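An overview of the molecular structure
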Amino acid sequence: MQKHLTSLIAALALLGPGILWAATPPKPTDPQIAHIAYTAGLLDVEAGKQALEKSQNKDVRAFAQQMIGDHTAVNDQALALVKKLNVTPEDNPTSQNLTKQAQATRQKLAGLTGAAFDKAYVDNEVSYHKTVNAALSTTLIPDAQNSELKSLLQSGLNLFEAHLKHAEQLAQQLQSAKS
């Protein structure tokens, strides 16, 4: 799973400042930003659904349900905004890499059961939210041109920072229960 998370981080890093690159990659456009943000939310909804199917742990299930509800609500707001603005989200390499890595992670999680699944799912949620939150704060929000899109992304970031704290607490709780 670490290999997959490293790849996800590398994919999102393509959006970041070109410190490691000879030339700075082009900044994402608002339609690309909208697609990246929507895709990231959708992928976390799918991960939550997988957790509901596989986990018997009430805390993990409650967390997964929260991820499904919160990310669905933010994505619904995003869809309403792009419709209002008459903007078509634009697929892009970052969205494609996110999807590819999430599929690989879901496949790996599919082979796990019980406490092993719970730990891997929650650990992935911690890493995923760290990565997405960093991309939102360092690239997607600063590069968004439309003020309504920027505001929606900021609201999402505030919520997703709370998700990260919740996931970290849950990871600690699962670790303590194992000891």
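Keep in mind the model is a prediction, meaning the values are calculated, not measured. (Residues numbered from 1 in each chain as written. Predicted model: local features only at pLDDT ≥ 70, side-chain atom pairs only at ≥ 80, totals over all residues. Heavy atoms only, no water.)

1. Section: the overall build of the protein
Convention followed: The helix count covers DSSP runs of H or I at least four residues long, the strand count covers runs of E at least two residues long, and both are numbered beginning at the N terminus. Accessible area is worked out with a 1.4 Å probe on protein chains only. A residue is then buried under 20% of its type maximum, exposed over 50%, and partly exposed in between.
Assigned secondary structure in the protein consists of six helices and zero strands. Element order for the protein, N to C, with α for helix and β for strand: α-α-α-α-α-α. Taking all 179 residues of the protein together, the buried fraction comes to 42%.

2. Remarks on the confidence of the model for the protein
Short version of the rule: Within a predicted model, pLDDT stands for the predictor's per-residue confidence, ranging from 0 to 100. By definition in these notes, contact holds between two residues if any of their heavy atoms fall within 4.5 Å.
For the protein, per-residue confidence averages 89 on the pLDDT scale, and 86% of positions sit at 70 or higher. With pLDDT under 50 throughout, residues 1-11 is counted as low confidence; its partners more than four residues away or in other chains account for 18 contacts. This stretch, residues 13-22, has a pLDDT under 50; its non-local contacts, to residues over four places away or in other chains, come to 12 contacts.

3. Notes on the packing of helix H2 (residues 30-54) against helix H4 (residues 93-110)
Using the following cut-off: Here an axis means a line fitted to C-alpha atoms, over the contact stretch when the element is a helix, while the angle between two N-to-C directions is reported on a 0 to 180 degree scale. Between 65 and 115 degrees an angle is taken as roughly perpendicular, under 35 as roughly parallel, over 145 as roughly antiparallel, and anywhere else as oblique. Under the convention adopted here, Pro, Cys and the residues Ala, Val, Leu, Ile, Met, Phe, Trp and Tyr are nonpolar, Asp, Glu, Lys and Arg are charged, and Gly plus all remaining residues are polar.
Their axes nearest at 9 Å, the elements H2 and H4 cross at an angle of 10 degrees. One way to sum up the angle between H2 and H4 is to call them roughly parallel. Residues His35, Ile36, Thr39, Ala40, Leu43, Glu46, Gln50 and Lys54 of H2 form the contact with H4, whose participating residues are Thr94, Ser95, Leu98, Thr99, Ala102, Arg106, Leu109 and Ala110. Considering only residue class, the contact of H2 with H4 consists of seven nonpolar, six polar and three charged.

4. What to know about unusual backbone geometry
Phi is positive for Asn86, close to 60 degrees, though the residue is something other than glycine. Tracing the backbone through its elements, the reader meets Asn86 in the loop between helix H3 (58-85) and H4.

5. Things to note about the nonpolar core
Selection rule: The set of buried Ala, Val, Leu, Ile, Met, Phe, Trp, Tyr and Cys residues whose side-chain atoms join them within 4.5 Å is what this entry labels a nonpolar core.
Ile33, Leu136, Leu140, Leu149 and Leu153 are the most contacted members of the largest nonpolar core, which totals 20 residues. Secondary-structure elements contributing two or more residues to this core are H2, H3, H4, helix H5 (114-143) and helix H6 (147-178). If we ignore the near neighbours within four places in the chain, the residues touching Leu153 are Ile33, Ala37, Leu136, Leu140, Ile141 and Ala144. The next biggest cluster of nonpolar side chains, apart from the first, holds 16 residues, and it includes Ala51, Val60, Ala120 and Tyr121.

6. Observations regarding the pattern of salt bridges
Any two side chains of opposite charge can pair, on the condition that their charged atoms come close. Heads up, the rule is: Here, a salt bridge means any side-chain nitrogen of Lys or Arg that lies within 4 Å of a carboxyl oxygen of Asp or Glu.
Throughout the structure, instances matching the rule amount to five salt bridges. A salt bridge links Lys27 to Asp143, with the shortest nitrogen-to-oxygen separation between them at 4.0 Å. One end of the pair, Lys27, is in the loop between helix H1 (2-13) and H2; the other, Asp143, is in helix H5, with 116 residues separating them in the sequence. Here Asp123 ties to Lys119 by a salt bridge, and the two come within 2.5 Å at their closest N and O atoms. Of this pair, Asp123 and Lys119 both sit in helix H5, four residues apart, which is roughly one turn of the helix.

7. Side note on the packing of aromatic side chains
In plain terms, the rule: Only Phe, Tyr and Trp rings are paired, with Trp represented by its six-membered ring, and only when their centres lie within 6.5 Å; those with planes under 30 degrees apart are stacked, over 60 edge-to-face, the remainder tilted.
Following the criterion strictly, the structure yields two aromatic pairs and no others. Between Phe63 and Tyr121 the ring centres are 6.2 Å apart and the planes differ by 65 degrees, which places this aromatic pair in the edge-to-face class. Separated by 58 residues along the polypeptide, Phe63 in helix H3 and Tyr121 in helix H5 bring together distant segments of the chain. Accessibility expressed as a relative area gives 0% for Phe63, which makes it buried. For Tyr121, a relative accessible area of 1% gives the class buried. Ring pairing ties together the aromatic residues Phe63, Phe117 and Tyr121, which thus form one cluster.

8. Considering H3
Since the α-helix packs 3.6 residues into each turn, any two residues three or four apart lie on the same face. As a reminder of what qualifies: Here the expected length of a helix is defined as 1.5 Å per residue gap, with one fewer gap than residues. The definition of a polar contact used here is a pair of N or O atoms within 3.5 Å, where within protein one atom must be able to donate a hydrogen and the other to accept one, and adjacent residues in sequence count solely through side-chain atom pairs.
Look at H3: 40 Å from first C-alpha to last across 28 residues, which is about the 40 Å you get at 1.5 Å a residue. Among all positions in H3, only Val60, Phe63, Ala64, Met67, Ile68, His71, Val74, Asn75, Ala78, Leu81 and Val82 are buried. For H3, the elements touching its buried residues are H2, H5 and H6. Its side-chain oxygen at 2.8 Å from the backbone nitrogen of Asp59, Asn57 defines the N-terminal cap of H3. Taken from the residues just after H3, Asn86 is the one with a positive phi, measuring 60 degrees.

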